[in-house]
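# Observations on chain architecture
Each chain is listed here by its residues.
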Amino acid sequence: MRLYNLDPIGLGTEHVESFYSYAVRLAHAHGVSLGRLVREVKNEYEGGEMSCESSISTSYLPWSPASMVRPNTTTRDIIKLFSHYTQRDDLRCTTFLALSQLKYRSSTFFSNSIRWCPCCLEADIAKGRTPYLRLLWMLSDVDYCHHHSVFLEDKCPHCDAGQALLGRRIDQSKCCRCKKSLCQKKKPLKRTELMRDVCFRDLIALVCDMANDPELEYDASAYLCLLHQICVVVANVPEESVFWSEVSDDDSMYLALKGGPINFKNLRRISYRLGISMPRLLAGDMESWTPQLNPEWLRDLPVNLRPPKRRKLVDRELVVERLTAVLDTVDSSNPPSLACVARIVGI
């Protein structure tokens, strides 16, 4: 069995196609649904010669089409199968498998739905290109298109249907349910949002890095080694001591230095504060760091990188005192609502 040697779109650029989009186009080229194509490939593998050469340990279908790009075993197995039957060695570039070794990936880092920029799909059509879905759009923090300044969409503007289906699709610029255009009813950014800098330049750089190298696999210990080397250098530079003296105990930099668990959001903050691109930080590239640390970086973070505000701790003794006062004054035959009591107590 052989599948068409279809080229992924946008290899080596930030516009690289997601594997879900590629698989949909490949299924259409063979005149079948995506679900059937994956089943046929899996059946061929189980009964063919490839089963003796490599191991496929997962189910042939992912739990969601949106998860077909995530750095997990299911994606690895699907890529292995499709790479074999299309005779292509660059399909890893359409996924985030390069992040597989990172231990503390956040579950919210990837989008759970298929999203798109209506203007990008419209531009594909206008320029005579095949409309396709970009890998960058599969990241949760990428919520708008930095080329067209419109929000990404995840539901059809006509029937409100999601697009994460395994059925047959002829045109990815049209809804898989009602078949109407997904390029209509664009939602532009507000004026205040247009003035902000792109909040995900680090993610764009990361996607470009992965789109260029199908063999790329970031080492989970590389960035820790880099941070350790930076600490050794900074320890001998008296002018930099003020930076480290202002690092709070719950800061991402502090967690990194203490060897605590660092999720991807914290890695992004560290990358921003050290002035190192995300790909270079993950690769542990010491030459990418300029030893100039500014204390202002500890406070000046882009909106999407700021940690959530912590809830103020409740004074338990004060709450008990106020509750007691409320109980002494209320009529037991007509007690106040819990919401009313909460307002009085102040919680």
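Anyway, here's the lowdown on the structure attached to this text. (Residues numbered from 1 in each chain as written. Predicted model: local features only at pLDDT ≥ 70, side-chain atom pairs only at ≥ 80, totals over all residues. Heavy atoms only, no water.)

### Section: empty space enclosed by the protein
Per the counting criterion, the structure on display carries two cavities of 30 Å³ or more. As for the largest cavity, its lining consists of Glu-14, His-15, Cys-120, Arg-134, Leu-136, Trp-137, Val-142, Tyr-144, Cys-145, His-146, His-147 and Phe-200. When grouped by side-chain class, the residues that make up the lining of the largest cavity number seven nonpolar, three polar and two charged. For the second largest cavity, the calculated volume is near 30 Å³. Arg-92, Cys-93, Thr-95, Phe-96, Leu-97, Ala-98, Met-210, Asp-213, Pro-214 and Leu-216 together form the lining of the second largest cavity. A per-class count over the lining of the second largest cavity returns seven nonpolar, one polar and two charged. (1 Å grid on protein atoms, 1.4 Å probe; cavity = no way out; pocket = protein on both sides within 12 Å on 5 of 7 lines; lining within 4 Å. Points joined across faces, edges and corners; volume = space filled by probe spheres on them. Nonpolar A, V, L, I, M, F, W, Y, C, P; charged D, E, K, R; others polar.)

### Topic: the side chain of Arg-134
For Arg-134, the location among the structural elements is in the loop between α4 (118-126) and β1 (144-145). Judged by relative accessible area, which is 6%, Arg-134 ranks as buried. Within the structure, Arg-134 has its side chain in polar contact with the backbone oxygen of Tyr-132 (distance 2.9 Å). (Helix = DSSP H or I, 4+ residues; strand = E, 2+ residues; numbered from the N terminus. Buried < 20%, exposed > 50% of the residue type's maximum accessible area, 1.4 Å probe, protein only. Polar contact = N/O pair within 3.5 Å; in protein donor to acceptor, adjacent residues only side chain to side chain.)

### Observations concerning the packing of aromatic side chains
What the rule picks out here adds up to six aromatic pairs. With a centroid separation of 5.3 Å and an interplanar angle of 50°, the aromatic rings of Phe-96 and Phe-110 are classed as tilted. Taken as a pair, Phe-96 in the loop between α3 (73-86) and α4 and Phe-110 in the loop between α3 and α4 lie far apart in primary sequence, 14 residues in all. Classification of Phe-110 as buried rests on a relative accessible area of 6%. One aromatic cluster is present, built from ring pairs that chain together Phe-96, Phe-109, Phe-110 and Phe-264. We note Arg-134 situated over the ring of Tyr-132; from NZ or CZ to the ring centre the distance is 3.9 Å. (Phe/Tyr/Trp six-rings, centres within 6.5 Å; stacked < 30°, edge-to-face > 60°. Lys NZ or Arg CZ within 6 Å of the ring centre and 35° of its normal.)

### Some points on helix α6 (residues 201-212)
Given 3.6 residues to a turn, an α-helix orients residues that are three or four positions apart in the same direction. In this model, α6 (twelve residues) spans 17 Å end to end at C-alpha, consistent with the 16 Å of a helix rising 1.5 Å per residue. Every buried residue belonging to α6 is among Asp-202, Leu-203, Ile-204, Leu-206, Val-207, Met-210 and Ala-211, and all of these are buried. For α6, the secondary structure elements touched by its buried residues are α10 (264-274) and α11 (278-283). (Expected span 1.5 Å × (residues − 1). Contact = heavy atoms within 4.5 Å.)

### Let's talk about the packing of helix α2 (residues 34-47) against α3
Angle between the axes and distance between the axes are the two parameters that describe a pair of packed helices. Viewed as axis vectors pointing N to C, α2 and α3 meet at an angle of 80°, and their least axial separation amounts to 10 Å. By the angle between their axes, α2 is roughly perpendicular relative to α3. Here Leu-37, Val-38, Val-41, Glu-44 and Tyr-45 of α2 come into contact with α3, specifically with Leu-81, Phe-82 and Tyr-85. For the contact of α2 with α3, the class distribution of residues is seven nonpolar, no polar and one charged. (Axes fitted to C-alpha atoms, helices over the stretch in contact; angles between N-to-C directions. Parallel < 35°, antiparallel > 145°, perpendicular 65-115°, else oblique.)

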